[in-house]
Amino acid sequence: MKVESVQCIASMHKNQDTIPAEFIRSEEDQPGITTVAGPSPKVPVINLADMDEDRVLHGIVEASKEWGIFQVVNHGIPAEVIKELQRVGKEFFDLPQEEKEKIAMVPGHFEGYGTKIQKDFIGKKNWGDFLFHGIWPLDQVDHLFWPKNPPDYRKVNEDYTKYMVSLVNQIFEYLSIGLGLDKKLLKEASGENDLKLLLRINFYPPCPQPDLTLGVGPHTDMSALTLLVPNEIQGLQIFRDGHWFDTEYVPDAMIVNIGDQLEILSNGKYKSVLHRTTVYKDRTRMSWPVFCEPPAEFVIGTLPQLVNEENPAKFKTKKYKNYQYCKIYRLPQ
């Protein structure tokens, strides 16, 4: 299927000083105007290898409550495994357009190669393309939308997934204990063994006018949890205290975002972070987020252990697929 990619548009405009009007954001959204200049608040960085377990727990819980985002180092995923993940992802986007289009998204299906070129609800397009597919549970993975090129793409991603599943479980356990619950409960309430892990490789090509557009507009993740590997080019921004701030690139760190489902389950104790992505004039930025989300038919609501007369449930209980539908079409939840 033919894909009108941003990568192709960027190639056509690389010797120009302008971008098409549909990519230009309003002044309220333009990063050149709205990004805070100078020193920014530092997103918490947590060392998972710290021998003081209480300090690790406290760091993750407080960051999830106050920020909705944190970075973890010494997370157990070998640097070489991440390097290989990044290599095969980059090699895929370096392929000829017709080769990438062999696994293009099809109508009614969310997996495959695609683009953010569709307009959002304010009529603007995002400056970026992506490859999106499931990686876990193994019996639910559809390899139809995994690239055949590079030839070792599948092996590299399966190796990465083994480590990612372990890290996801570890983060869920800390977050569950932080709510005063059994360490397994929060993951069970998010889908348990059917919790889905979905990998998206984001590709943001160079842009002639990066101050006027965004790779991804402001949003919170509808998932329960998102774990993201960036490349060395900073581009993630978070909204905090009424302002947009750059997040600091920390070598070998994994970025962890609290998603909407954990905010619902925790009755608002953990915060789903509002964030967006910026782009660059002369550099390509990439990222590898893994979204951890419940199965479509799974019912999500505030955990009864966290509700009482003084603290009633703040969110409705509903199937995840219904939450998705309302979120995508911006309907009341």
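Not measured: the values here are computed from a predicted model. (Residues numbered from 1 in each chain as written. Predicted model: local features only at pLDDT ≥ 70, side-chain atom pairs only at ≥ 80, totals over all residues. Heavy atoms only, no water.)

(A) Expanded view of the overall build of the protein chain. In terms of regular secondary structure, the protein chain is built from 9 helices and 14 strands. Taking 2.2 N^0.38 as the reference for a compact globule, 333 residues should give roughly 20 Å; the C-alpha atoms of the protein chain span a radius of gyration of 20 Å, in line with that estimate. Here the protein chain holds 333 residues, and 54% of them are scored as buried. Restricting to contacts in the protein chain with at least 6 residues of sequence separation, those with at least 24 account for 78%. Total accessible area on the protein chain stands at roughly 15,500 Å², and carbon and sulfur atoms take up 53% of it. One finds the centroid of the 38 positive side-chain charges in the protein chain at a distance of 3 Å from the centroid of its 46 negative side-chain charges. (Helix = DSSP H or I, 4+ residues; strand = E, 2+ residues; numbered from the N terminus. Rg over C-alpha atoms; globule rule 2.2 N^0.38 Å. Buried < 20%, exposed > 50% of the residue type's maximum accessible area, 1.4 Å probe, protein only. Contact = heavy atoms within 4.5 Å. Areas by Shrake-Rupley, 256 points an atom, 1.4 Å probe, with all protein chains shown as cover. Lys, Arg positive; Asp, Glu negative; His and termini not counted. Charge placed at Lys NZ, Arg CZ, Asp CG, Glu CD.)

(B) Main features of the sheet that holds strand E12 (residues 285–293). Taken in spatial order, the 8 strands line up as E1-E2-E10-E7-E12-E5-E4-E3 in an open sheet, and their pairing is mixed. This sheet does not close on itself; its edge strands, each paired only once, are strand E1 (45–47) and strand E3 (112–115). Mean inter-strand twist for the sheet, computed between neighbouring axes without regard to direction, equals 25°. As paired strands, strand E7 (residues 225–230) and E12 are joined by 6 bridges and run antiparallel to one another. Considered in E12, the bridge of threonine 226 is made with phenylalanine 291. Docked against the sheet, helix H6 (residues 153–178) engages strand E2 (69–73), strand E4 (129–136), strand E5 (196–204), E7, strand E10 (254–258) and E12, running at close to 130° with respect to E7. (Pairing = 2+ DSSP bridges. Axes fitted to C-alpha atoms, helices over the stretch in contact; angles between N-to-C directions.)

(C) Here's a closer look at the sheet that holds strand E8 (residues 236–240). Spatially, 4 strands are ordered E6-E11-E8-E9 in an open sheet, and the strand pairing comes out antiparallel. Two strands in the sheet have a free side with no partner beyond their single neighbour: strand E6 (216–219) and strand E9 (243–246). Between one strand axis and the next, the sheet turns through 20° on average, direction left out of account. Strand direction decides the pairing type here: E8 and E9, joined by 4 bridges, are antiparallel. Bridge pairing in E9 places isoleucine 238 opposite phenylalanine 245.

(D) Examining the packing of helix H4 (residues 79–93) against H6 more closely. Here H4 crosses H6 at 140°, and the two axes come no closer than 9 Å. Accordingly, the angle class assigned to the pair H4 and H6 is oblique. Taken as a pair, H4 and H6 cross one another with a handedness that is left-handed. Here Val81, Ile82, Glu84, Leu85, Arg87 and Val88 of H4 lie close against H6, whose contacting residues are Tyr153, Val156, Asn157, Asp159, Tyr160 and Tyr163. Among the residues forming the contact of H4 with H6, the class breakdown is 8 nonpolar, 1 polar and 3 charged. (Parallel < 35°, antiparallel > 145°, perpendicular 65-115°, else oblique. Left-handed = near helix turned anticlockwise from the far one by under 90°. Nonpolar A, V, L, I, M, F, W, Y, C, P; charged D, E, K, R; others polar.)

(E) Spatial organisation of the side chain of threonine 220. With respect to the helices, strands and loops of the structure, threonine 220 is situated in the loop between E6 and E7. Take threonine 220: its relative accessible area is 19%, and that puts it in the buried class. A polar contact is formed between the side chain of threonine 220 and the side chain of aspartate 260, at a distance of 2.9 Å. Setting aside its immediate chain neighbours within four residues, threonine 220 contacts Asp260, Ser272, Val273, Leu274, His275 and Lys327. (Polar contact = N/O pair within 3.5 Å; in protein donor to acceptor, adjacent residues only side chain to side chain.)

(F) Quick peek at the environment of leucine 227. Here leucine 227 lies in strand E7. Between the alpha carbons of leucine 227 and valine 168 there is a distance of 8.0 Å; along the sequence they are 59 residues apart. Not counting the four nearest positions on each side in its chain, leucine 227 is found in contact with Met164, Leu167, Val168, Met254, Ile255, Val256, Trp288, Pro289, Val290 and Cys292.

(G) Examining unusual backbone geometry more closely. Cis geometry is found at the peptide bond from tryptophan 136 to proline 137, where omega equals 0°. With respect to the secondary-structure elements, proline 137 resides in the loop between E4 and H6. Phi at glutamate 192 takes a positive value of approximately 55°, unusual for a residue other than glycine. On the secondary structure map, glutamate 192 appears in the loop between helix H7 (185–188) and E5. Here aspartate 241, not a glycine, exhibits a phi torsion of approximately 55°, which is positive. By secondary structure assignment, the location of aspartate 241 is in the loop between E8 and E9. The exposure class assigned to aspartate 241 is exposed, which follows from its relative accessible area of 65%.

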